[in-house]
Amino acid sequence: MAAPAFLGGKDVKTIRIALLAGVALAPLSPAVSAALAQQPTMASSNLSIPAGDLAGALDRFSRQTGLQVMADPSLLSGKRTQGVNGPVAIQAGLRQLLAGTGLDFQLDGETVLLLRQAASATPASAPFSASVQPQVAAAPELEEIIVTGFKGSITRALDIKREANSIVDAISAEDIGKFPSQNIAEALQRVPGISIVRDRGEGLFVRVRGLGANFQTTTLNGRSAAVNENVRDSGQSGRQFRFDTLPSELVSRVDVIKSPTAALDEGAIGGIVDVRTFRPLDLKDTEHAFSATLSYPELADKLDTRFSGLTSWRNEERTFGVLLAAVYDQRSMRQDRAMNGGWSYLPAGIDTNGDRVADSGPIYRSASTRPTLEQEERERIGLSGAVQWFPTPDIDINLDLAYTDLDIKYDELTYSADFNWAQLVPNTAVIREGVLVAGTVGASSQIGREQSDLAHENLQAGLNGAFRFGDGWTLTADTAYSRAYSDTPTPIRRSRVLGPVGNVAFEYFPAGDQVHNLRFVTANLNSPATLPGRRLEWRVNDSLDTEKAGQIDLEKELGWGPVSAVQAGVKYRDRLRDYDRRDLTITRDRNGRSITGTFYGPEYYETSFLVDDFLGQTSATLPREWVVPNGDKFFELMDPALINQPLARADLRNSYRITERIKSAYIMADLDGEVAGLPVRGNAGVRVAGTKQVSAGHADDGRKADPVRFEKDYTDILPSANLAVDLTDDLVSRVSVAKVITRPSLADLAPRLTLNSSDRIFTAVGGNPNLEPFEAWQYDATLEWYFAPSSALIGGLFYKDIGTFMTTRKSTLVVDGVDYELSARVNGGDASIKGVEIAYQQTFDMLPEPFNGLGLLANYTFTDTEATYFDGTRIIKDDLENVARHSFNLTGFYENGPIGLRLSYSWRGDVLAQVGTNGLENANDKAFGSLDGNVTWQINDNLTLVAEAMNITDEAQWQFVADDLFSRYDYYGRTLTLGLRAKF
C-alpha cells in the first residue's frame, strides 16, 4: 500500500503509512461496507465544500469537521467530487463527497481511513439497509509512522505534480524550517529542466529549459515579487529575482509552472517560479522549530553562523492561526578570478620578427589579462509571518508578510597586464592553430581596489479572502504590496594606480585546462614606487522597485458536461522602477594637485597582502601578491565639497524612472469529463493584458543632458489550454498550448547611457524605450508513469515559437571625443526552442532491510534553438543566446531509521553568448557540474544533527570565446556546514 496522507493542510501534507495487515486486507473484504453500516452516526456539521478536486475537497472536510483523513495519494489522483453543502451528518457528508469515486471510508476515533471500494460493497452514495448487520471483528488500533525527511519531500512534490491540471514541478520542504538546500535556487536544480546562475558560488538566478533568468517570473504566494537590483557595477538585472535575498527556512515549497493557465499572471516564456511560505493552518498542529548552523567556506577560511526559528499556533477548531519565522545568517565569500581583457581577430596577422611586415597569417590576439581577488562579508535577516482566519466554513482570510535585509561588504583587489603590441619582442611570439598563445611584449599595468557596502531590502505583503455562497459560487479578492530597495549605504570607492611596467611574458592555455602564465620581466608589483596614481572613483547608487496589485476572481461550480467550473477575474498592477546613480571621477586632490602621475608612499598601501594563497589551487605562474591600496588613506585626498556639486551629465544619463501599469482580465473553464471512456481534466481560457509603459530619463546631445519621456502602450491576447488524461490508474498524459510573453528588462527599457572607463577598454551600455516584448506560442506534451509509491518515470516534449525577440547590437559611440564600444538591446527576428525532458524518481521500498531506504532521482533536458539575427542587410541564422543545450541532475539518497544520506550532482553544458551578431566580446560559459552532499542523524523525536558539503569536488567555473580561447576563471571552493535542528 502506498504511503497514506493526512489531509489537513492545503499545501503541506503529513505522509503516513498504516502498518496493519487487517487494514491492508480490508479493501478486499465484502464485510467492509457492512461494517461501515454499523458505525455510529456522528454529529452533523454545516459543510460548505464545492465540487472539484477530491483531494482539495477532503482537505476542506478535514478543516471544517476537525477530523483527519488518511488516504493513499494514488487513490485520490485525478478524482473529482460533486461537493456537499449545508447541515448534514458527517458520515452522510463523506458519502456525498465520495459518490462515484469508487472509494469507501472507515472511521477510527477522529481519523477517517479511505479505502478502495470492494467489488460487492454497497456504493458509498447508496443508503445502507438497516437489516444488513453482519458481525465483524473490531479493527485493531492503527500504528503510524510519519515519513518526513528527503523522502517525504519528494513524495509531496510528486503528489503536487500528479494532481496538477497543468505541467508543474515542485520542491517541498523536508520538514518545518528545513528546505533541501540553504539556497532556494540550488534546491531547484533537482527539478527537470532547471539550471542556475551562480554568483561567487551562491545560486542567484534560475534558468528554465535552457532559457535565461530574464525569461522567468518569480512570485511569492502567487503574487508578483519586486526585485532587488545590482548596484555594485554597471550591469543590471532588470526583472530577475535574486534568490540570494530569500532564506530557505521561510519556504514551505516552490512550484515551477511550465505551462501557464489564463488565471496566472503573464510575463514568462520560460516558466513561473512560485515560492510558497508557511501558513499556520497548513501545519498539522501547533509547531515550534529552531536551528543553529556553523558553516566553513574553505577558501574564505572563516566560520559563519546561521540561526532560524519558527513558531506556529492555532486554535482547537482550526479556524484561526498565527505563524512567525525568523532567520539570521552570516556568510563569508571569497572568489579567486583571472580574466582576459578581450580577444581580437586580425585577418592580416602581425609582425613576429620585427621587420614591420605582417608574417603570422590570420590570428587571434589577446588585449590584456586581469587577475582579481574578491571578498565579501554577508549578513542577512529574514522575517516571515502569516495569519489565517476562517470565521465561518464559507469564509477564508489569509495575511502573508515577508521581509528580508541583506547587507554585503565587498572588497576587490586587482592588477592587470595591458599589452602594447607595437612593443612585441621579435621572435618571441608562439602561434598555435591561429592563436597567439605566448610571447613577450611591452605592457602597462593598473592596480585597483574597490570597497563598497551594498544593502538589499525586500518587503512583500498580501491579504486575500475567499467567500463561498449560493450554489457553488466563490468570490476571491487579493491585494498585495511589494517593495525592493537596493542602495550603497556608504559610497563605492575605487583607488587606482597605473603606469608602464616594461616587458611581460605570457602564455595562454585553452579554457578549462589551466590558468595562463604571466611574468613581469623587470617590474615589481609589490613596490609602491612602481606605479603612479591614476584616479579615484566614487559612486552612490540606489534602486527602488515597487508593485501594488489588486485582483478579484469569481468562480462558479457547474455541471455542464465536461465543464466543471468557470472562473473569471480582473487584476491591476502598478509597477515602479526608480534608479539613481551618481559618479565622481577624481583626478586632483583637495589641494588641486594632480593625482594622475603622482607616486604615493608606503603609507598609502596596506602593510601586507590580504590572503596568502591567491590562485593557489592553480598551477599557473603569475604574481600572487601585489601592493594593496589603502582606500581610507587614498580618499583623504578627495575634496569633500565635490559631493555637493550639481549632478553631472553622466549622472543624469545613468538615472531613469519607469512606470508600468498593467490591466488584465481572464476567463477560464475547468474541465472534468471523459473521452473514449478515459477521465480527462484540465482548463482552457484566455487572458487579455494591456500595458502602459512610461520611460523617463535624460538624453545627451554632446553638450547637455535634456529630460526625455517615452510612452508605449500595447495589448496582448493570450489563450491557453491544458489537458490531462488518466490513461490508467498509474499513467497520465498531458498536453498544453499557450501564447506567452516576456516583457523587456526594465533596465533595457530605460532611456539611459552608462559609460565605463574603469578598465583600459572603454565600454558603454544603452537602453531602448521602444523595445517590444518577446512573444511566443508554446506547446507541451508529457507522459507520466507513476509505477510505484513515491516513484515515477516521466517524459516530455516542448516547443516554443518566438515571434519577436531581442538581441544585443554593438556599435561605436563617441562621447566627449572618446570612443566607446556601445551595447544596446534591439528587437530582432524570430526564434524557436524545442526540447526533451526525461525524469525518473524511485524509492526502493521493495528491497529487503536495510536497502529499502535507498532512492534515486535523475533527470535530463535537451534544448535545441535557432534564431534569426540581423547585421545591417545581412541575415544570420544561429543558436539563441544564453541557452544551455544539455543539462542533467542526479540525486541518490538513503533514509533508514535515524540516518539520512544524500548526494546530488547537477550539470549543465556550454551556455553560448557568442552567437549571431555577438562577437568575441561576448564570453560563453563552459560546461559546469557541482556535487553536493547531506547527512542527517535524528538523535530523538525532537533533535536532528545535519552536516552538508557543497561543491565537494572543488570545481571552478570557466568562460571561453571562439574555439576554447580563455576568457575567465572563477574559483570559490567548497563549503562545509554542521547544524542542529530542534522541533517541538
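Residues numbered from 1 in each chain as written. Predicted model: local features only at pLDDT ≥ 70, side-chain atom pairs only at ≥ 80, totals over all residues. Heavy atoms only, no water.

### Quick look at the overall build of the chain
Part 1 of the argument: Looking only at helices and strands, the chain has ten helices and 53 strands in total.
Part 2 of the argument: Counting over 984 residues, the chain shows a buried share of 57%.
Part 3 of the argument: In the form shown here, the chain has an accessible surface area of approximately 38,200 Å², with 56% of it arising from carbon and sulfur atoms. (Helix = DSSP H or I, 4+ residues; strand = E, 2+ residues; numbered from the N terminus. Buried < 20%, exposed > 50% of the residue type's maximum accessible area, 1.4 Å probe, protein only. Areas by Shrake-Rupley, 256 points an atom, 1.4 Å probe, with all protein chains shown as cover.)

### Some points on the confidence of the model for the chain
Part 1 of the argument: Overall, the predicted model of the chain reaches an average pLDDT of 85, with 85% of residues at or above 70.
Part 2 of the argument: Of the regions scoring below 50 in pLDDT, residues 1-42 engages in 122 contacts with residues more than four places distant in sequence or in other chains.
Part 3 of the argument: Contacts of residues 118-147 to residues separated by more than four positions or lying in other chains number 54 contacts, the stretch itself having pLDDT below 50. (pLDDT = per-residue confidence, 0-100. Contact = heavy atoms within 4.5 Å.)

### A word on the pairing of strand E19 (residues 304-314)
Part 1 of the argument: Burial along E19 is one-sided: the residues Asp-304, Arg-306, Ser-308, Leu-310, Ser-312 and Arg-314 are buried and none of Thr-305, Phe-307, Gly-309, Thr-311 and Trp-313 is.
Part 2 of the argument: Pairing of strand E18 (residues 287-297) with E19, which is carried by nine bridges, proceeds in the antiparallel orientation. Following the sheet pairing, Ser-295 is matched in E19 by Asp-304.
Part 3 of the argument: What sits between E18 and E19 in their antiparallel hairpin is a turn of six residues, with Asp-301 showing a positive phi close to 60 degrees.
Part 4 of the argument: As judged from the nine bridges shared by E19 and strand E20 (residues 320-340), these two strands associate in the antiparallel manner. What sits directly across from Trp-313, in E20, is Val-322.
Part 5 of the argument: Remark: five residues form the turn of the hairpin made by E19 and E20, two consecutive strands paired antiparallel; Arg-318 in that turn has positive phi of roughly 55 degrees. (Pairing = 2+ DSSP bridges.)

### Structural notes on empty space enclosed by the protein
Part 1 of the argument: With the rule as written, the count across this model stands at 15 cavities of 30 Å³ or more.
Part 2 of the argument: Estimated volume of the second largest cavity: approximately 360 Å³.
Part 3 of the argument: Contributing to the lining of the second largest cavity are 29 residues, with Gly-201, Glu-202, Arg-331, Met-950 and Thr-975 lying nearest its centre.
Part 4 of the argument: Put simply, the parts of the chain that give the lining of the second largest cavity at least two residues each are E18, E19, E20, strand E49 (928-938) and strand E53 (975-983).
Part 5 of the argument: Of the residues forming the lining of the second largest cavity, the biggest block, six residues, is contributed by E20.
Part 6 of the argument: Grouping the constituent residues of the lining of the second largest cavity by class yields six nonpolar, twelve polar and eleven charged. (1 Å grid on protein atoms, 1.4 Å probe; cavity = no way out; pocket = protein on both sides within 12 Å on 5 of 7 lines; lining within 4 Å. Points joined across faces, edges and corners; volume = space filled by probe spheres on them. Nonpolar A, V, L, I, M, F, W, Y, C, P; charged D, E, K, R; others polar.)

### Let's talk about the packing of aromatic side chains
Part 1 of the argument: A complete count under the given rule lists 29 aromatic pairs for this structure.
Part 2 of the argument: Ring centres of Phe-150 and Phe-893 lie 5.1 Å apart, and the angle between their planes is 70 degrees; this geometry places the pair in the edge-to-face category. One end of the pair, Phe-150, is in helix H6 (residues 149-163); the other, Phe-893, is in strand E46 (residues 886-896), and 743 residues separate them in sequence.
Part 3 of the argument: With a relative accessible area of 1%, Phe-150 lands in the buried category.
Part 4 of the argument: Geometrically, the ring pair formed by Trp-343 and Tyr-508 is tilted, given 5.2 Å between the ring centres and 55 degrees between the ring planes. Here Trp-343, found in strand E21 (residues 343-346), pairs with Tyr-508, found in the loop between strand E29 (492-507) and strand E30 (517-520); they are 165 residues apart in sequence, far enough to count as distant. For the pair formed by Trp-343 and Tyr-508, the shared burial category is buried.
Part 5 of the argument: Through a chain of ring-to-ring contacts, three or more aromatic side chains come together here, namely Trp-343, Phe-419, Trp-421, Phe-506, Tyr-508, Trp-958, Phe-966 and Tyr-969.
Part 6 of the argument: Sitting above the plane of the Tyr-604 ring, Lys-633 keeps its charged end 5.4 Å from the centroid. (Phe/Tyr/Trp six-rings, centres within 6.5 Å; stacked < 30°, edge-to-face > 60°. Lys NZ or Arg CZ within 6 Å of the ring centre and 35° of its normal.)

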